[in-house]
Amino acid sequence: QVQLDSILRLLPKLSNDTNKVKSYDRVGYIYNLQFKTTVARQYVDSARMLAEQLNYQPGILSSHYHYGFIDINESNFNEALAHFDTYIKFYRELGDSSRVANGLYGVGSVYTELGEYNKNLAIQLRVLKIYESIGKRSSIAHTLNSIAGVYWRTGEHSKALQTYHRANEIYKSLGDSVRYG
């Protein structure tokens, strides 16, 4: 809440530049985490509109990414998939595998909400390979946690616990006591 309040106080003082786009985007992200999707969408709309005025492609794409998660929270799964698809296609063309993995993670989240755990598992395993190939350890741990959750939901409790343990070992090695402690 402190971060949100700080950004909200700062927003009116910011110039119409990429920092303001990022700030709107962050506020939308935080509100969506709180399941305040109407307010989240308003801030992401503001981020997208300003990004379009500035021709700031990363801001436009970030809006698609956040719209995807807002749509998940509103059970608009086809719309969520369309937003993630736009995000993934752009970053795939640029060769940005980390952002492609982020978008694929969102697609997997849709399949979790639809109860299609096998589809999510296949996607999360792809995401894991991408993060392993670029050595993004915190994202590897996060993805392992997601995979463990899929295993748990499908009744594969032993695999789930092994995978959670693997994720926790990575968090521990990174000094992230919040996640493993």
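Scoring rules and cut-offs
Residues numbered from 1 in each chain as written. Predicted model: local features only at pLDDT ≥ 70, side-chain atom pairs only at ≥ 80, totals over all residues. Heavy atoms only, no water. Helix = DSSP H or I, 4+ residues; strand = E, 2+ residues; numbered from the N terminus. Rg over C-alpha atoms; globule rule 2.2 N^0.38 Å. Buried < 20%, exposed > 50% of the residue type's maximum accessible area, 1.4 Å probe, protein only. Contact = heavy atoms within 4.5 Å. Areas by Shrake-Rupley, 256 points an atom, 1.4 Å probe, with all protein chains shown as cover. Lys, Arg positive; Asp, Glu negative; His and termini not counted. Charge placed at Lys NZ, Arg CZ, Asp CG, Glu CD. pLDDT = per-residue confidence, 0-100. Axes fitted to C-alpha atoms, helices over the stretch in contact; angles between N-to-C directions. Parallel < 35°, antiparallel > 145°, perpendicular 65-115°, else oblique. Left-handed = near helix turned anticlockwise from the far one by under 90°. Nonpolar A, V, L, I, M, F, W, Y, C, P; charged D, E, K, R; others polar. Salt bridge = Lys/Arg side-chain N within 4 Å of Asp/Glu carboxyl O.

### Thoughts on the overall build of the chain
For the chain, the count of helices and strands is 10 helices and zero strands. The order of helices and strands in the chain, counted from the N terminus, is α-α-α-α-α-α-α-α-α-α. The globule rule puts the C-alpha radius of gyration for 181 residues at 16 Å, and the 17 Å found for the chain is close to it. With respect to the three principal axes, the spread of C-alpha positions in the chain is 50 × 35 × 30 Å. A buried classification covers 44% of the 181 residues belonging to the chain. By sequence separation, contacts in the chain at least 24 residues apart represent 46% of the contacts at least 6 residues apart. Roughly 9,800 Å² of accessible area belongs to the chain as shown, and the carbon and sulfur atoms make up 50% of that amount. Taken together, the 21 basic and 17 acidic charged side chains of the chain have centroids lying 5 Å from each other.

### Considering the confidence of the model for the chain
On average, residues of the chain carry a pLDDT of 95, and 97% of them reach 70 or more. Per-element confidence in the chain is highest for helix 3 (residues 37–54), whose mean pLDDT is 98, and lowest for helix 10 (residues 177–180), whose mean pLDDT is 57.

### So, the packing of helix 2 (residues 18–33) against helix 3
What describes two packed helices is the angle between their axes and the distance between those same axes. Close contact between helix 2 and helix 3 brings their axes to 7 Å; oriented N to C, the two are set at 160°. Taken together, the axes of helix 2 and helix 3 are roughly antiparallel relative to one another. Pair helix 2 / helix 3 crosses with left-handed handedness. Residue-level contacts link T18, K20, V21, Y24, D25, V27, G28, Y31 and N32 of helix 2 to T37, V39, A40, Y43, V44, S46, A47, L50, A51 and L54 of helix 3. Here the contact of helix 2 with helix 3 is built from residues that sort into 12 nonpolar, five polar and two charged.

### A few points about the pattern of salt bridges
The full count for this structure, using the stated rule, is nine salt bridges. For the salt bridge of D71 with R41, the shortest nitrogen-to-oxygen distance reads 2.7 Å. Taken together, the positions of D71 in helix 4 (residues 57–73) and R41 in helix 3 put the pair 30 residues apart, joining distant regions of the chain. By relative accessible area, which is 3% here, D71 ends up buried. Residue R41 is classed as partly exposed on the basis of its relative accessible area of 23%. D96 is the salt-bridge partner of R99, the closest N and O atoms lying 3.0 Å from each other. When its relative accessible area of 37% is taken as the criterion, R99 is described as partly exposed. Taken together, the salt bridges that share partners define one network made up of R41, D71 and E74.

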